[in-house]
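Next come the chains, spelled out residue by residue.
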Amino acid sequence: MRNVVIICAMLFAMLLAIASSAQSKNPYYSRTDSKVLQVANSEWKRILPEGVYRVAREEGTERAFTGEYHDNHKKGTYYCYVCGNPLFTSETKFDSGTGWPSFYQPIRGSSVKYHTDKSAGMERTEVECARCSSHLGHVFDDGPKPTGKRFCMNSAVLDFASSAP
Ligand SMILES: [Zn+2]
């Protein structure tokens, strides 16, 4: 009888782990593979939750203070929600007061790529994931030391994992 209880508990834990992994249906997601992805938007649309697709592939912006991570103060790593590429750590996160998760630098210079965005009647620098080319947010020059940069990101395209205690 005790064995049955243990097996049931293990099965339940496994199911929970699978269900909590939002990327279980995403074959491109990897936190270790750095190979650049070229995947059609029609394929991403099939895989990604609607809110993620809108930001990542249609350059949408989530409403301020509505995302999961603007007020997250846990220690850990922020990965690209779309492909698993490591993007930022909690070490470089700061409270910008904007309602979007803000960082003063990416994990590596090669984690992200930039291009000029002239939409919405202004010129801004768009930040994309270097692995899957998903839109992440914008970078501004009013950030804190040591870089003076403010990477203004959308929670929807970030996937946070706490560091081991
Ligand atoms: Zn990515």
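### Digging into the sheet that holds strand β7 (residues 135-140)
Part 1: Taken together, 6 strands build an open sheet; the order of strands is β3-β4-β8-β7-β6-β5 and the sheet is antiparallel. What marks the edges here is a single partner per strand, and that holds for β3 (93-94) and β5 (112-117).
Part 2: Bridge count between strand β6 (residues 124-129) and β7: 4 bridges; the pairing is antiparallel. Along β7, the bridge assignment pairs valine 127 with glycine 137.

### Section: the environment of valine 55
Part 1: Mapped onto the fold, valine 55 is located in helix α3 (residues 50-58).
Part 2: Residue valine 55 is classed as buried on the basis of its relative accessible area, which comes to 0%.
Part 3: Remark: the alpha-carbon pair of valine 55 and glycine 137, spanning 82 residues in sequence, is separated by 8.5 Å.
Part 4: Not counting residues up to four positions away in its chain, the partners in contact with valine 55 are Gly60, Glu62, His135, Asn154, Ala156 and Val157.

### Considerations on the nonpolar core
Part 1: In terms of nonpolar packing, the biggest core is built from 29 residues, with Trp44, Val82, Leu87, Cys132, Leu136, Phe151 and Met153 touching the most fellow members.
Part 2: Sorting the residues of this core by element identifies α2 (41-47), α3, β1 (76-80), β2 (86-89), β6, β7, β8 (150-153) and β9 (158-162) as the ones contributing at least two each.
Part 3: The element contributing the most residues to this core is α3, with 4 residues.
Part 4: Leucine 87 has contacts with Tyr78, Tyr79, Cys80, Pro106, Ile107, Ser111, Val112, Cys129, Leu136 and Leu158, leaving out every residue within four places of it along the chain.

### Concerning the pattern of salt bridges
Part 1: On inspection of all chains with the given rule, the structure shows 7 salt bridges.
Part 2: Two residues, aspartate 159 and arginine 31, come together in a salt bridge whose shortest N-O distance is 3.1 Å. Taken together, the residues aspartate 159 in strand β9 and arginine 31 in the loop between α1 (2-20) and α2 connect sequence positions 128 residues apart.
Part 3: Of the residues examined, aspartate 159 reaches a relative accessible area of 11% and is grouped as buried.
Part 4: With a shortest N-O distance of 2.6 Å, aspartate 141 and lysine 149 are connected by a salt bridge.
Part 5: Overall, the relative accessible area of 62% leaves aspartate 141 in the exposed class.
Part 6: With a relative accessible area of 33%, lysine 149 lands in the partly exposed category.

### Some remarks on the packing of aromatic side chains
Part 1: One pass over the full model with this rule turns up 8 aromatic pairs.
Part 2: A connected cluster of aromatic rings, assembled from ring pairs, spans Tyr69, Tyr78, Phe88, Phe103, Tyr114, Phe151 and Phe160.
Part 3: Note that arginine 31 overlies the ring of tyrosine 79, its terminal NZ or CZ placed 4.1 Å from the centroid.

### Overview of the sheet that holds β2
Part 1: Pairing is antiparallel in the open sheet, where 3 strands are placed in the order β2-β1-β9. Each edge of the open sheet carries a strand with a single partner, namely β2 and β9. Averaged over all pairs of adjacent strands, the angle between strand axes in this sheet comes to 30°, irrespective of strand direction.
Part 2: Where β1 and β9 come together, 5 bridges link them in antiparallel fashion. Paired with tyrosine 78 across the two strands is phenylalanine 160, which belongs to β9.

What counts as what
Residues numbered from 1 in each chain as written. Predicted model: local features only at pLDDT ≥ 70, side-chain atom pairs only at ≥ 80, totals over all residues. Heavy atoms only, no water. Pairing = 2+ DSSP bridges. Helix = DSSP H or I, 4+ residues; strand = E, 2+ residues; numbered from the N terminus. Buried < 20%, exposed > 50% of the residue type's maximum accessible area, 1.4 Å probe, protein only. Contact = heavy atoms within 4.5 Å. Core = buried A, V, L, I, M, F, W, Y, C linked by side-chain atoms within 4.5 Å. Salt bridge = Lys/Arg side-chain N within 4 Å of Asp/Glu carboxyl O. Phe/Tyr/Trp six-rings, centres within 6.5 Å; stacked < 30°, edge-to-face > 60°. Lys NZ or Arg CZ within 6 Å of the ring centre and 35° of its normal. Axes fitted to C-alpha atoms, helices over the stretch in contact; angles between N-to-C directions.

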